[in-house]
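Residue-level listing of the chains:
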Amino acid sequence: MLHELQRNFASVALKNVTAPLLPHIEGPAGSKERRLGVYHANTINSLIDVLSDAYPVTQRIVGERFFSTLAKSFIETAPPRQPTLFRYGSSLGDFLGDFAPAQDVPYLADIARLEWARIAAYFAEDYEPLNPQKLSAIGPEKIGDVCFKIAPSLHLVESPYPIFQVWAVNQPSCNTVPAIDFTNAEQGFVSRQANEVFQHAVTPGTFHWLRALSDGSTLGAATNDAMRHDQNFDLQNTLRQHLADGTFTTIYI
Amino acid sequence: MPPPSPQDPSTSSTRPSPIPAAAGVGLRHPHIAAFADGVAEATWVEIHSENFFAPGGPRMAQLDRVRKNYPISCHGVGLSLGTAEGLDQDHLRTLCRLVDRIDPILVSEHLSFSVVDNIYVNDLLPLPYTEEALEVVTRNIDQTQEALGRQILLENPSSYLTFTDSTFTECAFLSALVERTGCGLLLDVNNIYVSAQNNGIDAVAYLDGIPGNAVQEIHLAGHTVNGADDDRLLIDTHGDVIADPVWTLYEKTLNKIGPRPTLIEWDTNIPELNKLLAEAGKAQSRLDAISDNKGSTRVA
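Residues numbered from 1 in each chain as written. Chains lettered and ligands numbered in written order. Predicted model: local features only at pLDDT ≥ 70, side-chain atom pairs only at ≥ 80, totals over all residues. Heavy atoms only, no water.

Student: Could you clarify how one ought to interpret the nonpolar core in this entry?
Tutor: A general trend in soluble globular proteins is that nonpolar side chains are found buried together. Counting 147 residues, the largest nonpolar core has Phe9 and Leu96 of chain A together with Phe35 of chain B as the members making the most contacts within it. Take this core: its biggest share by element is ten residues, from helix α6 (residues 108–123) of chain A. The residues that make up this core include at least three from each of domain 1 (1–105) and domain 2 (127–253) of chain A. Residues Ile150, Phe189, Leu213 and Phe248 of chain A belong to the second largest nonpolar core, which totals 22 residues. (Core = buried A, V, L, I, M, F, W, Y, C linked by side-chain atoms within 4.5 Å. Buried < 20%, exposed > 50% of the residue type's maximum accessible area, 1.4 Å probe, protein only. Helix = DSSP H or I, 4+ residues; strand = E, 2+ residues; numbered from the N terminus. Domains from an automatic or database assignment.)

Shown next as structure tokens:
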């Protein structure tokens, strides 16, 4: 009995389907629908707020009104599955990839993926970055066999569009808008060190190197992979930079 | 009353002193830095538990700093104590971890449900007050209190409707839960007012039906008025100052049950910290007015 009623109430809250519940509500017709409508409005509006907080750049690109429309559609397709709303909306990027009304802005889905990577980095577990001396202690004959554990906050993002540039010019603090060449693909990563979330666009070589290392490849294999995509890949500098960025937590052979 | 000073951080590893029967404020994102730095002049704060369910990151680090400066109460919005399908055990475990981490002075949740078929409806949906619902909520509170190893407080909901199915009044339902589970009550005076206005109930009679001894905390918040005449509905928005009739009902509550820790909730249109603290000041002056001078303002 109670479970059935709760199912019907969830349909009111998420979809404003009131008919099955009406016989259970006191009051005259019309008034009952209006009262149930309060729960629907509360639910949908609060979830739109959650999404607009999580996706400020996506919202800025399409405008508040369109964002609210796409958010409603997303909420219908993918209502929250857990009561921790800071985790709600992770699949908005994938949703936008298939959302016909947004196809005029072909980079929108990837912008949303980049924004979600920032949220995931922000809420990731704390970690201790790798002490570079541990790597120095490995002899040259073994260095190619080293594997890295990657920081839990590190997320790789790639797009056929210049999403890091688009993201940057859509920050409230950005005063100058440089010309963006929308034919430029960009790839990069988001991470968090200490309490700061940061992101960098990187060369294709570095991106493939990071991806291979994330997948558990040895340093040797990952470097070969990077060189295949970028003959100028500079292992020493890239490694130094990522040790400084706290990209790794531990090494193992 | 002098402005309360933050606790000495050196004592932070010990349990904070009980929340005094003083006015605190809900800890919301725009103000968290002031509390982490210990510069906000507040006696205690309350968090929405689920906002701090992350395994790490800056927000959790800030919470640890807030905890060194102020007693904290954990107010849940997502456990769904009224859910007929049973509690989400992962959620309960994460709540236990949070409670272990910050050792809150109070833990509370709502008399409502929000989870059905593993979908989380982001609202506090009302329950019909039936024998079946009483059994469900009793089981869920028992399970929560057992997992936490401590008592929880249950908050009366704001409501926009009544169910034809109900066989208990809300007060009788709450009283039965207190009796069966040993839980305490968090009395939201704005919710009483909003529900009473919306559903044609006498708010003062409601107060008379509440077991005052079980009340360990009071909530106050702003609401908005939608429509007029027969279409008039009060909406529990937590987005404004507290309305005059709610202050009056609060005074009646204090006169009836005595001083209790009182929390100002302000969740939408969040104001400057000073404005929020000023609202807490108004509650404090009412608490002071009914308290004697012998330290009886402290409830354990």
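Student: Before we go on, may I ask you to explain empty space enclosed by the protein in this structure?
Tutor: Over the atoms rolls a probe the size of a water molecule, and its path tells where empty space is left. All names here are of chain B. Counted according to the given criterion, the structure contains one cavity of 30 Å³ or more. In this model, the largest cavity occupies a volume close to 50 Å³. Lining the largest cavity, in full, are Glu50, Gly76, Leu79, Leu95, Val107, Ser108, Glu109, Thr144, Leu148 and Ile152. At the level of elements, β4 (106–110) and α4 (131–148) are the ones that each hand at least two residues to the lining of the largest cavity. Looking at the lining of the largest cavity, the element that brings in the most residues is β4, giving three residues. (1 Å grid on protein atoms, 1.4 Å probe; cavity = no way out; pocket = protein on both sides within 12 Å on 5 of 7 lines; lining within 4 Å. Points joined across faces, edges and corners; volume = space filled by probe spheres on them.)

Student: Sorry, what's going on with the pairing of β4 of chain B here?
Tutor: Walk down a regular strand and you will see the side chains alternate between the two sheet faces. All names here are of chain B. Most of β4 sits out of view: five of its five residues are buried. Covered by surrounding structure in β4 are Leu106, Ser108 and His110 together with Val107 and Glu109, the residues of both alternating faces. One ladder, built from three bridges, connects strand β3 (residues 72–75) with β4; its direction is parallel. For Ser73, the partnering residue across the bridge sits in β4 and is Leu106. (Pairing = 2+ DSSP bridges.)

Student: How do you make sense of the domain arrangement of chain A when you look at a structure like this?
Tutor: How big an interface is tends to be expressed through the accessible area that disappears when the partners come together. Assigned domains of chain A: these are domain 1 (1–105) and domain 2 (127–253). A separation of 37 Å is found between the C-alpha centroids of domain 1 of chain A and domain 2 of chain A.

Student: Mind showing me how you'd approach the packing of aromatic side chains here?
Tutor: For any two aromatic rings, the description comes down to two numbers: the centre-to-centre distance and the angle of the planes. In total, this model carries 21 aromatic pairs over all chains according to the counting rule given. By way of ring pairs, the aromatic residues Phe9 and Tyr39 of chain A together with Phe113, Tyr160 and Phe163 of chain B are connected into one cluster. Here the guanidinium or amino end of Arg286 of chain B rests over the ring plane of Trp247 of chain B, the centre of that ring lying 4.2 Å away. (Phe/Tyr/Trp six-rings, centres within 6.5 Å; stacked < 30°, edge-to-face > 60°. Lys NZ or Arg CZ within 6 Å of the ring centre and 35° of its normal.)

Student: Just to check I follow, could you spell out the sheet that holds strand β3 (residues 186–193) of chain A for this structure?
Tutor: Within a sheet, adjacent strands bond to each other through the backbone by hydrogen bonds, running parallel or antiparallel. Residues and elements named next belong to chain A. Strand order across the open sheet formed by three strands is β2-β3-β4, with antiparallel pairing between neighbours. The open sheet has two edge strands, β2 (155–159) and β4 (196–202), and neither has a second partner. For this sheet, the mean angle separating the axes of adjacent strands, direction not counted, is 20°. Of the strand pairs in this sheet, β3 and β4 are connected by seven bridges, and their pairing is antiparallel. Counterpart to Gly188 in the pairing with β4 is Ala201. (Axes fitted to C-alpha atoms, helices over the stretch in contact; angles between N-to-C directions.)

Student: Sorry, what's going on with the pattern of salt bridges here?
Tutor: One side chain can pair with another of opposite charge once the charged atoms of both are near each other. The final tally for this structure, using the stated rule, is 16 salt bridges over all chains. Asp94 of chain A serves as the salt-bridge partner of Arg113 of chain A, at 3.0 Å between the closest nitrogen and oxygen. Of this pair, Arg113 of chain A sits in helix α6 while Asp94 of chain A sits in helix α5 (residues 92–97), placing them 19 residues apart in sequence. For Arg113 of chain A, a relative accessible area of 34% gives the class partly exposed. Two residues, Arg93 of chain B and Asp90 of chain B, come together in a salt bridge whose shortest N-O distance is 2.6 Å. One end of the pair, Arg93 of chain B, and the other, Asp90 of chain B, are both in helix α3 (residues 89–102), three residues apart, so they sit about a helical turn from each other. When salt bridges that share partners are traced, they join Glu4 and Arg7 of chain A together with Asp117 of chain B into one network. (Salt bridge = Lys/Arg side-chain N within 4 Å of Asp/Glu carboxyl O.)

Student: How do you make sense of the interface of chain A and chain B when you look at a structure like this?
Tutor: Taken together, the contacts link 39 residues of chain A with 48 residues of chain B. Roughly 3900 Å² is buried in total at the junction of chain A and chain B, and carbon and sulfur atoms are behind 61% of that figure. Taken together, the links from chain A to chain B amount to two salt bridges. Salt-bridge contacts for Arg34 of chain A lead to Asp231 of chain B; the nearest nitrogen and oxygen are separated by 3.9 Å. At the junction of chain A with chain B, the criterion picks out 19 residue pairs in polar contact (both at pLDDT 80 or more). Of all the secondary-structure elements, those providing two or more residues to the side of chain A that touches chain B are α1 (2–15), α2 (31–54) and α6 of chain A. For the side of chain A that touches chain B, the residue count by class is 21 nonpolar, nine polar and nine charged. (Contact = heavy atoms within 4.5 Å. Buried area = accessible area lost by both parts, 1.4 Å probe. Polar contact = N/O pair within 3.5 Å; in protein donor to acceptor, adjacent residues only side chain to side chain. Nonpolar A, V, L, I, M, F, W, Y, C, P; charged D, E, K, R; others polar.)

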